[in-house]
Amino acid sequence: HVCGDVKIDTANGVKKNWEKIKQKEGKKHILDSIPKNLPALMQALQIQRRVERVGFDWPNLDGPTDKIVEEIKETREEFEKENPDKEKVTEEFGDILFSMVNLARKMDVDPEKALNVSSRKFIKRFQKVEQKSINQGKNISDMSLGEIDNLWEESK
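Our subject in this report is the structure included herewith.

A closer look at the packing of helix H5 (residues 111-135) against helix H6 (residues 145-155)
Part 1 of the reasoning: At a minimum axis distance of 9 Å, the contact between H5 and H6 shows a crossing angle of 120°. Our classification of the angle between H5 and H6 gives oblique. When the axes of H5 and H6 are compared, the crossing they make is right-handed. Packed against H5, whose contacting residues are Phe-122, Arg-125, Phe-126, Lys-128, Val-129, Lys-132 and Ser-133, the element H6 presents Ile-148, Leu-151, Trp-152, Glu-154 and Ser-155 at the interface.

Things to note about a nonpolar patch on the surface
Part 1 of the reasoning: Residues Leu-61, Met-107 and Val-109 make up a contiguous nonpolar surface patch of roughly 240 Å² in combined accessible area.
Part 2 of the reasoning: Relative to the helices and strands, Met-107 resides in the loop between helix H4 (86-106) and H5.
Part 3 of the reasoning: When its relative accessible area of 48% is taken as the criterion, Met-107 is described as partly exposed.

Considering the side chain of Thr-75
Part 1 of the reasoning: Its location among the elements puts Thr-75 in helix H3 (residues 62-79).
Part 2 of the reasoning: We classify Thr-75 as buried; its relative accessible area is 8%.
Part 3 of the reasoning: Looking at Thr-75, its side chain comes within polar contact range of the main-chain oxygen of Glu-92, at 3.1 Å.
Part 4 of the reasoning: The contacts of Thr-75, once residues within four sequence positions are left out, are Val-89, Glu-92, Phe-93 and Ile-96.

Some remarks on the environment of Leu-61
Part 1 of the reasoning: Structurally, Leu-61 is set in the loop between helix H2 (40-53) and H3.
Part 2 of the reasoning: Taking the relative accessible area as the measure of exposure, Leu-61 reaches 36% and is therefore partly exposed.
Part 3 of the reasoning: Through-space distance from the C-alpha of Leu-61 to that of Leu-103 is 6.9 Å; in sequence the pair is 42 residues apart.

Describing unusual backbone geometry
Part 1 of the reasoning: Of note in the backbone geometry, Asp-108 takes a positive phi value of approximately 60° without being a glycine.
Part 2 of the reasoning: Counting through the fold element by element, Asp-108 comes out in the loop between H4 and H5.
Part 3 of the reasoning: Judged by its relative accessible area of 71%, Asp-108 falls in the exposed class.

A few points about the nonpolar core
Part 1 of the reasoning: In terms of nonpolar packing, the biggest core is built from six residues, these being Val-129, Ile-140, Met-143, Ile-148, Leu-151 and Trp-152.
Part 2 of the reasoning: Among the elements that make up this core, the one with the highest residue count is H6 (three residues).
Part 3 of the reasoning: What Met-143 contacts, discounting residues up to four positions off in sequence, is Ser-133, Gln-136, Lys-138, Ile-148 and Leu-151.

Conventions adopted
- Residues numbered from 1 in each chain as written.
- Predicted model: local features only at pLDDT ≥ 70, side-chain atom pairs only at ≥ 80, totals over all residues.
- Heavy atoms only, no water.
- Axes fitted to C-alpha atoms, helices over the stretch in contact; angles between N-to-C directions.
- Helix = DSSP H or I, 4+ residues; strand = E, 2+ residues; numbered from the N terminus.
- Parallel < 35°, antiparallel > 145°, perpendicular 65-115°, else oblique.
- Left-handed = near helix turned anticlockwise from the far one by under 90°.
- Contact = heavy atoms within 4.5 Å.
- Patch = residues over 30% accessible without salt bridge, like charges linked within 9 Å, V, L, I, M, F, W, Y side chains within 5 Å.
- Areas by Shrake-Rupley, 256 points an atom, 1.4 Å probe, with all protein chains shown as cover.
- Salt bridge = Lys/Arg side-chain N within 4 Å of Asp/Glu carboxyl O.
- Buried < 20%, exposed > 50% of the residue type's maximum accessible area, 1.4 Å probe, protein only.
- Polar contact = N/O pair within 3.5 Å; in protein donor to acceptor, adjacent residues only side chain to side chain.
- Core = buried A, V, L, I, M, F, W, Y, C linked by side-chain atoms within 4.5 Å.

Set out below in structure tokens:
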């Protein structure tokens, strides 16, 4: 691929060169043009794709996977404080989600689609749990967590 006098032979090189061209045209920041009104998962994905273009990316799945574990630990630590700061817990939880989107991107998985699939799967399973409780002549609201969990396992 040739861009002006610059010869580029990789897709990643083309992306990096494109960002250089855009910066020369007066675009101040790489992330400026990402719409602020995108749904959060889409916005996170776009941010991560942009920074990938300039080489800010882990080379394999170890980086984002380790980051998820780190963010979960930080979130738990903040949440389990004697007086947890709700805003700090929210921020830390957001870091978990952002890291999860990054892992999805690295795996070429659409995080929005993946979450929708999981939500629909959960609904179907929970409806089976409800039906099983009805078949047992029980109101699910009156059942213990253990009883509901047993029905959940049966419904898988």
